[in-house]
Amino acid sequence: MTVTLEVSEGVGTIRLDRPPMNALNVAIQDRLRELAEEASQRDDVRAVVLYGGEKVFAAGADIKEMQAMDHAAMVVRSRALQDSFTAVARIPKPVVAGVTGYALGGGCELALCADFRIAADNAKLGQPEILLGLIPGAGGTQRLSRLIGPSKAKDLIFTGRQVKAPEALALGLVDRVVPAAEVYEQAQAWAARLAQGPAIALRAAKESIDAGLETDLGTGLAIERTWFAGLFATEDRELGMRSFVEEGPGKAKFR
């Protein structure tokens, strides 16, 4: 398979496996959507890791495959492409991307779909589509500008330049830089920690943040308020508050 989902102790790893560069062809895009939807629905998956292997995350779209498409074909395909990445972004559980080597074009856009990005010290990220006479088409113009701000996003998208891990960290494009050999281990550790948390509250937090960023402050506060009140109906809220009162903070074991 070009993309797989492996689950262990509450953490589902969605792994790209199309050597040598994990080029994101149509088959991978469609499989990503399927596995993102599966991870969303499975009760035994409580957090997700996106990973491309030790050498490369994903170097972008399959250019030879795209070159064969005309305008009419891409009008149809572009929606499916965006839907695949949106399915990853909407996984209602914490998602961390472990980025090694190149994360360019669609690879960078896939990393943007995660909640947190851990990059190898040898990682290179960027949106080079402009060098092909194109723009990012899998969410890059939208998610990148929301993450690092419009002017910094325009710098990367207008020039198509690649940024190394230290600059990516300074820009806010990644959240942590570690030795390449430690990327998967640290991504797993981040996901495993959150997999032990209150699942519905984590879902509420993610949806409140993500949906709130897409609307005005008043509507965002209404989304937060609705989730906040709704969590008072959950067993985890009852357990968490009781543990806090009886044992002190941070000791609740959520079911």
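Above this note sits the structure.
Residues numbered from 1 in each chain as written. Predicted model: local features only at pLDDT ≥ 70, side-chain atom pairs only at ≥ 80, totals over all residues. Heavy atoms only, no water.

A. A look at the side chain of Asp 236. Take Asp 236: it is sitting in helix H11 (residues 235-247). As a buried residue without a salt bridge, Asp 236 has its nearest oppositely charged side chain in Arg 46, at a separation of 5.2 Å. Apart from the residues within four sequence positions on either side, Asp 236 is in contact with Pro 198, Ala 199, Phe 254 and Arg 255. (Helix = DSSP H or I, 4+ residues; strand = E, 2+ residues; numbered from the N terminus. Buried < 20%, exposed > 50% of the residue type's maximum accessible area, 1.4 Å probe, protein only. Lys, Arg positive; Asp, Glu negative; His and termini not counted. Salt bridge = Lys/Arg side-chain N within 4 Å of Asp/Glu carboxyl O. Contact = heavy atoms within 4.5 Å.)

B. Region of the structure containing the sheet that holds strand S7 (residues 124-126). Across the sheet, three strands lie side by side as S5-S7-S8; this open sheet has mixed pairing. Unpaired on one side and paired on the other, strand S5 (102-104) and strand S8 (162-164) mark the two borders of the sheet. Sheet twist, expressed as the average angle between the axes of neighbouring strands with direction ignored, equals 20°. As judged from the three bridges shared by S5 and S7, these two strands associate in the parallel manner. Note on S7: the bridge partner recorded for Ala 103 is Leu 125. (Pairing = 2+ DSSP bridges. Axes fitted to C-alpha atoms, helices over the stretch in contact; angles between N-to-C directions.)

C. Geometry of the nonpolar core. Leu 50, Phe 57, Leu 125 and Leu 173 are the most contacted members of the largest nonpolar core, which has 45 residues in total. Among residues more than four places away in sequence, those in contact with Leu 50 are Ile 14, Phe 57, Val 88, Val 95, Val 96, Ala 97, Gly 98, Leu 110 and Ala 114. Residues Phe 116, Ile 118, Val 178 and Ala 187 belong to the second largest nonpolar core, which totals 14 residues. (Core = buried A, V, L, I, M, F, W, Y, C linked by side-chain atoms within 4.5 Å.)

D. Broad picture of the packing of aromatic side chains. Tallied over the entire structure, the rule returns three aromatic pairs. Ring geometry for Phe 116 against Trp 190: centres 5.1 Å apart, planes inclined by 5°, an arrangement best described as stacked. In this pair, Phe 116 is assigned in strand S6 (residues 116-120) and Trp 190 in helix H8 (residues 183-195), connecting sequence segments 74 residues apart. Here Phe 116 and Trp 190 have matching classes, each one buried. Look at Phe 228 and Phe 232: their rings are 5.6 Å apart centre to centre, the planes differ by 75°, and that puts the pair in the edge-to-face class. Judged by its relative accessible area of 56%, Phe 228 is exposed. (Phe/Tyr/Trp six-rings, centres within 6.5 Å; stacked < 30°, edge-to-face > 60°.)

E. Local environment of the sheet that holds strand S9 (residues 176-178). One open sheet holds the six strands; their spatial order is S1-S2-S3-S4-S6-S9, and the pairing between them is mixed. The open sheet has two free edges, formed respectively by strand S1 (3-8) and S9, since each of these has just one partner strand. For this sheet the average axis-to-axis angle between neighbouring strands, irrespective of direction, equals 20°. Set on the sheet, H8 makes contact with strand S2 (11-16), strand S3 (47-51), strand S4 (95-99), S6 and S9; between it and S3 the angle comes to about 165°.

F. View of the environment of Gly 240. If you trace the backbone, Gly 240 turns up in helix H11. Using a relative accessible area of 18% as the deciding quantity, one classes Gly 240 as buried. Setting aside anything within four residues of it in sequence, one finds Gly 240 in contact with Ala 252 and Phe 254.

G. Local environment of the pairing of S3. Among the five residues that make up S3, five are buried, leaving the element largely enclosed by the rest of the structure. The alternating pattern of S3 places Ala 47, Val 49 and Tyr 51 and Val 48 and Leu 50 on opposite faces, both of which are buried. Bridge count for S2 against S3 is five bridges, and the pairing is parallel. By the bridge assignment for S3, Gly 12 is matched with Val 48. Regarding topology, helix H1 (residues 26-41) serves as the crossover connection from S2 to the parallel S3, and that connection is right-handed. (Right-handed = clockwise from strand over helix to strand, strands pointing away.)

H. Inspection of a nonpolar patch on the surface at higher detail. Taken together, the side chains of Ile 63, Leu 132 and Leu 134 make up a nonpolar region of the molecular surface, amounting to roughly 260 Å² of accessible area. With respect to the helices, strands and loops of the structure, Ile 63 is situated in helix H2 (residues 63-67). (Patch = residues over 30% accessible without salt bridge, like charges linked within 9 Å, V, L, I, M, F, W, Y side chains within 5 Å. Areas by Shrake-Rupley, 256 points an atom, 1.4 Å probe, with all protein chains shown as cover.)

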